[in-house]
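The chain contents come next:
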Amino acid sequence: MKNVEITIRAYEASTDLETLSAIWFAASLLAHPFIGEERLREQRVLIETKYLPEAETFVACRAGEPVGFVSLLDNFIGGLFVAPGQQGHGIGRTLVAHALKLKGELLLEVYTGNVQALRFYEALGFEELSRRAQDDEGLPFENAQLRLKA
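So, a few notes on the structure that sits alongside this text. (Residues numbered from 1 in each chain as written. Predicted model: local features only at pLDDT ≥ 70, side-chain atom pairs only at ≥ 80, totals over all residues. Heavy atoms only, no water.)

Quick notes on the sheet that holds strand E4 (residues 76-82)
Then step 1. Pairing is mixed across the open sheet formed by 7 strands, whose spatial order is E1-E2-E3-E4-E5-E7-E6. Either end of the sheet is taken by a strand with one partner, and the two such strands are strand E1 (6-10) and strand E6 (127-132). Averaged over all pairs of adjacent strands, the angle between strand axes in this sheet comes to 30°, irrespective of strand direction.
Then step 2. By the bridge criterion, 5 bridges tie E1 to strand E2 (residues 56-62) in an arrangement that is antiparallel. Directly across from Thr7, in E2, lies its bridge partner Cys61.
Then step 3. Sheet contacts for helix H1 (residues 13-31): E1, E2, strand E3 (65-73) and E4; angle to E3, the most-contacted strand, approximately 85°. (Pairing = 2+ DSSP bridges. Helix = DSSP H or I, 4+ residues; strand = E, 2+ residues; numbered from the N terminus. Axes fitted to C-alpha atoms, helices over the stretch in contact; angles between N-to-C directions. Contact = heavy atoms within 4.5 Å.)

Spelled out as structure tokens, the structure:
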């Protein structure tokens, strides 16, 4: 793949919703197979109707096309997703750097079963604060809370 510059812009609901939802779903199927496709399809509805509309979201673009995004609730990363075919090209790092510059400190939770994401965040310097055995819906998917300071 050619080295195309990554640009970051604010989320535009009228043009980005479907694309970001598709990125979220494809990346979630890869990163969270332990959750199951049916549950991910249910969560996708919430992504479209609640989480994207309520969060402060920034979109990473390559050649003008959305390839990833980060959604913030104050300084908490509610979601960081990169299209599967675009992963490994610095897009996630660029989105985290953008969010950190804006907020000065970032918090997030990550499924510990998503080993690739856990390693990614640790490589960026995030420190683990705690773990809990269940996710937000009370299901047995362990989460780690992480923090990064500028």
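Quick notes on the pattern of salt bridges
Then step 1. Inspection of every chain in the model, using the stated rule, returns 12 salt bridges.
Then step 2. Residue Arg9 pairs with Asp16 through a salt bridge whose shortest N-O separation is 2.7 Å.
Then step 3. Taking the relative accessible area as the measure of exposure, Arg9 reaches 29% and is therefore partly exposed.
Then step 4. For Asp16, a relative accessible area of 2% puts it in the buried group.
Then step 5. Arg131 is paired through a salt bridge with Glu128; the nearest N and O atoms lie 2.7 Å apart. (Salt bridge = Lys/Arg side-chain N within 4 Å of Asp/Glu carboxyl O. Buried < 20%, exposed > 50% of the residue type's maximum accessible area, 1.4 Å probe, protein only.)

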